[in-house]
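# Coordinate analysis (summary)
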Amino acid sequence: MSAPKHIRTPLARVLGRGAARSGTEQFWHQRLTAVANIPLTIAAVIILITLLGRNQAAVAQILGSPLVAIIMLLFVFSITVHMRIGMAVIIEDYVHDESAKLTLLMANTFFTFAVGLAAVYGILKLSFGL
Amino acid sequence: MAETRSLEARTPAERPLSPHLQIYRPMLTMMMSIAHRITGFALYFGMLLVAWWLIAAASPNGYARFQWFAGSWIGRLILFGYTWALIHHMLGGIRHLIWDTGRGFGPSEREWLAAANLIGSIAITLILWIFVLLTMGGS
């Protein structure tokens, strides 16, 4: 009479974490990028302020210089990962129709990749002077 | 087993439901929670401006167009809102990171953190803009 579920110990069920085999990655990546975003955003704002009064040639040269370009690339990467997770949470919270939810989650990934790669393209173009 | 599951799906358990937003009296901590989500939502689309700025920097014509937008009153308004949203979301994020360590949940602490979040974001935004406008010579 004993069902197979009794064979599994509570520990095994916790370690198994169900069919998804995961669950905290999104939470963790949101915190990881949140921590990274703090210094990167401060650096990006400082870079922006120092560029405000300058002409295009100077802005292009400074943004394309190695240190500034690498900081801006890290900024764009960390921010876009963070905003993709954040928007996914908003969609999952408010959109309950399954097909609309999946469509918006897809659109979210497409948008974040597009805007992120566009920004990366802009930085690399300045760096390599293409 | 399958029958039980489909029955459960058709008649959800009579669990107590959490009251929705309009039931509660508006409180600062609640408002800052909502503001954190709204600023995050706005910043998501604000990234388009960052991408435009970075791409525009490569060409004189493109940069002139971006500068025209950034200098217009609507551009200034958007950038001012962007600055506040960015600072507010960052301070709100720091608040969340403090909570993640298990601290800051006390009644006075969370009120203090919410107030610091709002006052800090407004103060830093104004200081940044005053600094930038002064160093750029007005206009």
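Note: the structure precedes this text.
What comes next concerns the included structure. Residue numbers here run from 1 along each chain, matching the order of that chain's written sequence. Naming scheme: in the order in which they are written, chains are lettered from A and ligands are numbered from 1. With pLDDT at 70 or above as the cut-off, local features in this predicted model cover only qualifying residues; side-chain atom pairs require 80 or more to be listed or tallied, and sums for whole chains, interfaces and linings still use all residues. Calculation of side-chain values draws on the structure's entire complement of heavy atoms; hydrogens and water are dropped beforehand.

## Brief notes about the overall build of chain B
What counts is decided by this rule: For helices the rule is a DSSP run of H or I covering at least 4 residues; for strands it is a run of E covering at least 2, with both sets numbered from the N terminus onward. Each residue is assigned to one of three classes by its accessible area relative to the maximum for its type, calculated with a 1.4 Å probe on protein chains only: buried under 20%, partly exposed between the two thresholds, exposed over 50%. Two residues qualify as a contact provided that any one of their heavy atoms is within 4.5 Å of a heavy atom in the partner residue. The method behind every accessible area is Shrake-Rupley, applied with a 1.4 Å probe, and residues are considered shielded solely by the protein chains displayed.
Within chain B one finds five helices and zero strands. Helices (α) and strands (β) of chain B occur, in sequence order from the N terminus, as α-α-α-α-α. The buried share of chain B, reckoned over its 139 residues, is 34%. Of all intrachain contacts in chain B linking residues separated by at least 6 positions in sequence, the fraction that spans at least 24 positions is 69%. In the form shown here, chain B has an accessible surface area of approximately 9,300 Å², with 71% of it arising from carbon and sulfur atoms.

## What to know about the nonpolar core
Rules: Take the buried Ala, Val, Leu, Ile, Met, Phe, Trp, Tyr and Cys residues and link them wherever side-chain atoms come within 4.5 Å; each set so joined is a nonpolar core.
Grouped together as the largest cluster of nonpolar side chains are 40 residues, with contacts concentrated most on Leu63(A), Met72(A), Phe75(A), Val76(A), Met47(B), Trp53(B) and Leu54(B). Looking at this core, the elements with two or more residues in it are helix H2 (25-51), helix H3 (56-64), helix H4 (66-94) and helix H5 (98-128) of chain A together with helix H2 (28-56), helix H3 (60-71) and helix H4 (73-100) of chain B. Here this core gets 11 residues from one element, more than from any other, and that element is H4(A). Each residue touching Trp53(B), except ones within four places of it in the same chain, is listed here: Leu48(A), Leu51(A), Leu63(A), Met72(A), Tyr63(B) and Phe66(B).

## Brief notes about the side chain of His82(A)
By the element assignment, His82(A) lies in helix H4. When sequence neighbours within four positions are dropped, the list of residues in contact with His82(A) reads Gln30(A), Thr33(A), Ala34(A), Asn37(A) and His89(B).

## Looking at the interface of chain A and chain B
Stated precisely, the cut-off is as follows: Here's the idea: put two parts together, see how much 1.4 Å probe accessible area each one loses, and the total over both is what we call buried area. Within this document, salt bridges are pairs made up of a side-chain nitrogen of Lys or Arg and a carboxyl oxygen of Asp or Glu, the two lying within 4 Å of each other. Think of a polar contact as two N or O atoms within 3.5 Å of one another; within protein, one of them needs to be a possible hydrogen donor and the other a possible acceptor, and neighboring residues in sequence only count if both atoms come from side chains.
Between chain A and chain B, the contact holds 40 residues from the first and 27 residues from the second. Roughly 2,800 Å² is buried in total at the junction of chain A and chain B, and carbon and sulfur atoms are behind 81% of that figure. Summed over the three residues of chain A that lose the most area to chain B, namely Gln56(A), Met87(A) and Phe111(A), the buried surface amounts to 19% of that side. Counting across the chain A and chain B interface gives two salt bridges. On the surface where chain A and chain B come into contact, there are six residue pairs in polar contact (both at pLDDT 80 or more). Secondary-structure elements contributing two or more residues to the side of chain A that touches chain B are H2, H3, H4 and H5 of chain A.

## Comments concerning the pattern of salt bridges
All names here are of chain A. Counting across every chain of the model gives three salt bridges over all chains. As a salt-bridge pair, Lys-101 and Glu-98 come within 3.6 Å of each other at their nearest N and O atoms. Within this pair, Lys-101 and its partner Glu-98 are both found in helix H5, separated by three residues, close to a single helical turn. Exposure remark for Glu-98: the relative accessible area of 46% places this residue in the partly exposed category.

## Side note on the packing of aromatic side chains
As a reminder of what qualifies: Any two of the Phe, Tyr and Trp rings considered here, Trp counted by its six-membered ring, make a pair once their centres fall within 6.5 Å; the pair's planes then place it as stacked at under 30 degrees, edge-to-face at over 60, or tilted in between.
Across all of its chains, the model carries nine aromatic pairs over all chains by this definition. Ring geometry for Phe111(A) versus Tyr44(B): centroids 4.8 Å apart, planes at 20°, classification stacked. One end of the pair, Phe111(A), is in helix H5; the other, Tyr44(B), is in helix H2, on a second chain. Taking the centre distance of 5.3 Å and the plane angle of 45° together, the rings of Trp52(B) and Phe69(B) count as tilted. Residue Trp52(B) is found in helix H2, and its partner Phe69(B) is found in helix H3; the two are separated by 17 residues along the sequence. One aromatic cluster in this structure is built from Phe111(A), Phe41(B), Tyr44(B) and Phe45(B).

## Remarks on the packing of H4(A) against H2(B)
Rules: Between N-to-C directions, angles span 0 to 180 degrees; the directions come from axes that are lines fitted to C-alpha atoms, helices contributing only their stretch in contact. In a left-handed crossing the near helix is turned counterclockwise from the far helix by less than a right angle, and in a right-handed crossing that turn is clockwise. Residues are grouped as follows: Ala, Val, Leu, Ile, Met, Phe, Trp, Tyr, Cys and Pro are nonpolar; Asp, Glu, Lys and Arg are charged; all remaining types, including Gly, are polar.
Closest axis-to-axis distance for the H4(A)/H2(B) pair is 10 Å, and the angle between their directions is 145°. In the crossing of H4(A) with H2(B), the sense of the turn from one axis to the other is left-handed. Contact with H4(A), carried on its side by Met72(A), Phe75(A), Val76(A), Ile79(A), Thr80(A), Met83(A), Met87(A), Val89(A), Ile90(A), Asp93(A) and Tyr94(A), involves Arg37(B), Phe41(B), Tyr44(B), Phe45(B), Met47(B), Val50(B), Trp53(B) and Leu54(B) of H2(B) and no other residues of that element. Here the contact of H4(A) with H2(B) is composed, by residue class, of 16 nonpolar, one polar and two charged.

## Some points on the packing of H5(A) against H2(B)
Just so we agree on the cut-off: Angles are sorted into four bins: roughly parallel if under 35 degrees, roughly antiparallel if over 145, roughly perpendicular if 65 to 115, and oblique for all others.
Axis separation between H5(A) and H2(B) bottoms out at 8 Å; the angle between their running directions is 25°. Of the possible angle classes, the one that applies to H5(A) and H2(B) is roughly parallel. Helix-helix and strand crossings are classified by hand; for H5(A) and H2(B) the assignment is left-handed. Counted together, Asn108(A), Phe111(A), Thr112(A), Val115(A), Ala118(A), Ala119(A), Tyr121(A), Gly122(A), Ile123(A) and Leu126(A) of H5(A) and Tyr44(B), Phe45(B), Met47(B), Leu48(B), Ala51(B), Leu54(B) and Ile55(B) of H2(B) form the full contact between these two elements. Of the residues in the contact of H5(A) with H2(B), the class split is 14 nonpolar, three polar and no charged.

## Description of the side chain of Thr39(B)
Residues and elements named next belong to chain B. Tracing the chain through its elements places Thr-39 in helix H2. Taking the relative accessible area as the measure of exposure, Thr-39 reaches 2% and is therefore buried. When sequence neighbours within four positions are dropped, the list of residues in contact with Thr-39 reads Trp-84, Ala-85, His-88 and His-89.

Shape descriptors only; they carry no functional weight alone.
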